[in-house]
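Each chain, letter by letter, is given below.
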Amino acid sequence: MKSYEVQIWEIAKRVDRKARPWRVRWAVSGQRFEDLFRTKALAHSFRAELVQAANAGEPFDPATGRPVSEARTKNPTTWYAHSRAYVEMKWPRAAAKTRRSSSKR
């Protein structure tokens, strides 16, 4: 389910962390999220992307806290898995020479 209820806070520096001290916090439908960054510029860039998506009226995914458009770009299916699924779909009706060329590297 998508949500348009987004709240984004300012960037904060955590003094107790040395590796990734810059924190961006936001909430989608009341559920809070945070991400840590190594530099302030990276944190500012990420926060700007969130603000831009919210201002554009994009829905956010309450499970991940990210804009739906970002979720579309991060497709979990790899090219290898996609090509295997394609060959498995075509295999039963493929001719013998086509099968040979499909199974080669």
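Predicted, not measured: the structure shown is a model, and the values here were computed from it.

(A) How the structure looks around the overall build of the chain. Of the regular secondary structure elements, the chain holds four helices and four strands. Along its sequence from the N terminus, the chain presents helices and strands in the succession β-β-β-β-α-α-α-α. For the chain, the C-alpha radius of gyration of 21 Å lies well beyond 13 Å, the compact-globule estimate for 105 residues. Seen along its three principal axes, the alpha-carbon backbone of the chain occupies a region of about 65 × 35 × 20 Å. Relative to its full complement of 105 residues, the chain shows a buried share of 22%. Sequence-distant contacts in the chain: of pairs separated by 6 or more residues, those separated by 24 or more amount to 36%. Total accessible area computed for the chain in this model is approximately 8,300 Å², and 52% of it derives from carbon and sulfur atoms.

(B) Just the nonpolar core, in detail. Grouped together as the largest cluster of nonpolar side chains are 11 residues: W22, V24, W26, V28, F33, F37, A43, F46, L50, A53 and F60. Elements represented by at least two residues in this core include exactly β3 (22-28), β4 (31-37) and α1 (40-55). The residues touching F60, leaving out its near neighbours within four places in the chain, are M1, K2, S3, V6, V28, L50, A53, A54, G65, R66, P67 and V68.

(C) Highlighting the pairing of β4. Note: β3 against β4, seven bridges, orientation antiparallel. Bridge pairing links W22 to F37 in β4. Between β3 and the antiparallel strand that follows it, β4, lie two residues; S29 among them carries a positive phi value of about 55 degrees.

Reading the values: the criteria
- Residues numbered from 1 in each chain as written.
- Predicted model: local features only at pLDDT ≥ 70, side-chain atom pairs only at ≥ 80, totals over all residues.
- Heavy atoms only, no water.
- Helix = DSSP H or I, 4+ residues; strand = E, 2+ residues; numbered from the N terminus.
- Rg over C-alpha atoms; globule rule 2.2 N^0.38 Å.
- Buried < 20%, exposed > 50% of the residue type's maximum accessible area, 1.4 Å probe, protein only.
- Contact = heavy atoms within 4.5 Å.
- Areas by Shrake-Rupley, 256 points an atom, 1.4 Å probe, with all protein chains shown as cover.
- Core = buried A, V, L, I, M, F, W, Y, C linked by side-chain atoms within 4.5 Å.
- Pairing = 2+ DSSP bridges.

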